[in-house]
Amino acid sequence: MVEIKGFLENSLIEWEGKIAGVIFLPGCNFRCPWCHVPDLAFSPENLETVPLRQVEEFIRGQQGWLDGVVISGGEPTIHSSLPEFIEQIKDWNMPVKLETNGSHPEMLRKLIEEELIDSVAMDIKNIVERVKGKVESKKYEETVGTKVEVGKIRESMDILMKGNIDYEFRTTVVPAFLSEKDIEAIAKSIRGAKKYVLQQFVPENAWGEEMLSLKPYSAEKFEELSRRAGDYVEDCRVRGI
């Protein structure tokens, strides 16, 4: 069974409109230089394991106060035992939200079909576009620091948009990798999506040294990006500015 490497007792941010406990699972298959949780993603063996029973006792004791549990990372879907892990949480009578980078659509589909999750937040790191019939991956790979099957990212996007589960797409707007045109292109690729959130890049939290001196986009620029992206989705909003 997957280990828990972090637990936030309550958050008003991770699941909009809800008070949620947040469970952090270890490891990630991406190597984003702007990652805000590098210890969790890249060297989780250095972090203490939080006993599942400790988390369970807290959450059961908060019945009537907590509205749900968010499973975050790292990247939760890299763990083959994720369905069994979530089954235990569902036994606590808690709705579950999954945060994912969308790289494992087969796991996402399984969790949805087995009704193990109630909501999904999926990160879209960069443009997912077709070039001569193929899904182009170069910009995506530059952004996440490793090889990516971008077709799987597109598949996860389609699973959410064509399904019935509650979801939101999110993009952390890192100026080194994302221009205004890129944000608009991402919004076009999810035309008609229920919600698209643009998140502010925080350089002081970044993993890569080259990111520490990178200046984020201004609040004014963020509002402009939101207006442009909002032409293609039902609800576009900004977070972290």
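Scroll up a little and you will see the structure.
A few points on the structure. Predicted, not measured: the structure shown is a model, and the values here were computed from it.

With respect to burial, strand S8 (residues 166-173) is a largely interior element, seven of its eight residues being buried. With five bridges connecting them, S8 and strand S9 (residues 196-200) associate as parallel partners. Of the residues in S9, the one forming a bridge with phenylalanine 169 is tyrosine 196. Taken together, S8, helix H7 (residues 180-189) and S9 form a β-α-β motif whose crossover is right-handed.

Core analysis: the largest hydrophobic core is formed by 68 residues, its most contacted members being Ile23, Ile71, Leu82, Phe85, Ile117, Phe169 and Tyr196. No other element matches helix H6 (residues 150-162), which puts five residues into this core. Every residue in contact with leucine 82, bar those within four places of it in the chain, is listed here: Leu25, Ile71, Pro76, Thr77, Leu98, Met107 and Leu111.

In this structure, glycine 74 follows glycine 73 across a cis peptide bond, with omega equal to 15°. Within the secondary structure, glycine 74 is located in the loop between strand S3 (68-72) and helix H3 (82-90). Of note, the phi angle at asparagine 93 is positive, near 60°, even though the residue is not glycine. In this structure, asparagine 93 sits in the loop between H3 and strand S4 (96-100). One non-glycine residue, glutamate 115, adopts positive backbone phi at about 55°.

Before going further, it helps to examine H6. Helix length check: H6, at 13 residues, gives a terminal C-alpha distance of 18 Å against a target of 18 Å (1.5 Å per residue), a fit within 8%. The set of residues buried in H6 consists of Val150, Ile153, Arg154, Ser156, Met157, Ile159 and Leu160.

Okay, the packing of H3 against helix H4 (residues 105-113) next. Two elements in contact, H3 and H4, have axes separated by 11 Å at closest approach and are oriented at 30°. Of the possible angle classes, the one that applies to H3 and H4 is roughly parallel. In terms of crossing hand, the pair formed by H3 and H4 is right-handed. Contacts between H3 and H4 involve Leu82, Pro83 and Ile86 from the first element and Met107, Lys110 and Leu111 from the second. Considered class by class, the residues forming the contact of H3 with H4 number five nonpolar, no polar and one charged.

Here we come to the packing of aromatic side chains. Scanning the model with the defined rule gives three aromatic pairs in all. Look at phenylalanine 42 and tryptophan 207: their rings are 4.3 Å apart centre to centre, the planes differ by 50°, and that puts the pair in the tilted class. Of this pair, phenylalanine 42 sits in helix H1 (residues 38-42) while tryptophan 207 sits in the loop between S9 and helix H8 (219-229), and the two are 165 residues apart along the sequence. Over the face of the ring belonging to tryptophan 15 we find lysine 18, whose NZ or CZ atom lies 5.4 Å from the ring centre.

Let us now look at the side chain of threonine 100. Inspection of the secondary structure assignment puts threonine 100 in strand S4. Residue classification places threonine 100 among the buried positions, given a relative accessible area of 5%. The residues touching threonine 100, leaving out its near neighbours within four places in the chain, are Glu75, Thr77, Val120, Ala121, Met122 and Asp123.

Most of strand S2 (residues 20-24) is tucked away: four of the five residues are buried. Summarising the sheet, strand S1 (residues 6-11) and S2 pair through four bridges and their orientation is antiparallel. Directly across from glycine 6, in S2, lies its bridge partner phenylalanine 24. In the sheet, S2 pairs with S3 via five bridges, with the strands oriented parallel. By the bridge assignment for S3, valine 22 is matched with valine 70.

One can describe the packing of H7 onto H8 by two numbers: an axis separation of 9 Å at closest approach and a directional angle of 35°. Read as a crossing pair, H7 and H8 show a hand that is right-handed. Where H7 approaches H8, its residues Glu180, Ile183, Glu184 and Ala187 are matched on the opposing element by Lys221, Glu224, Leu225, Arg228 and Ala229.

About the cut-offs
- Residues numbered from 1 in each chain as written.
- Predicted model: local features only at pLDDT ≥ 70, side-chain atom pairs only at ≥ 80, totals over all residues.
- Heavy atoms only, no water.
- Buried < 20%, exposed > 50% of the residue type's maximum accessible area, 1.4 Å probe, protein only.
- Helix = DSSP H or I, 4+ residues; strand = E, 2+ residues; numbered from the N terminus.
- Pairing = 2+ DSSP bridges.
- Right-handed = clockwise from strand over helix to strand, strands pointing away.
- Core = buried A, V, L, I, M, F, W, Y, C linked by side-chain atoms within 4.5 Å.
- Contact = heavy atoms within 4.5 Å.
- Expected span 1.5 Å × (residues − 1).
- Axes fitted to C-alpha atoms, helices over the stretch in contact; angles between N-to-C directions.
- Parallel < 35°, antiparallel > 145°, perpendicular 65-115°, else oblique.
- Left-handed = near helix turned anticlockwise from the far one by under 90°.
- Nonpolar A, V, L, I, M, F, W, Y, C, P; charged D, E, K, R; others polar.
- Phe/Tyr/Trp six-rings, centres within 6.5 Å; stacked < 30°, edge-to-face > 60°.
- Lys NZ or Arg CZ within 6 Å of the ring centre and 35° of its normal.

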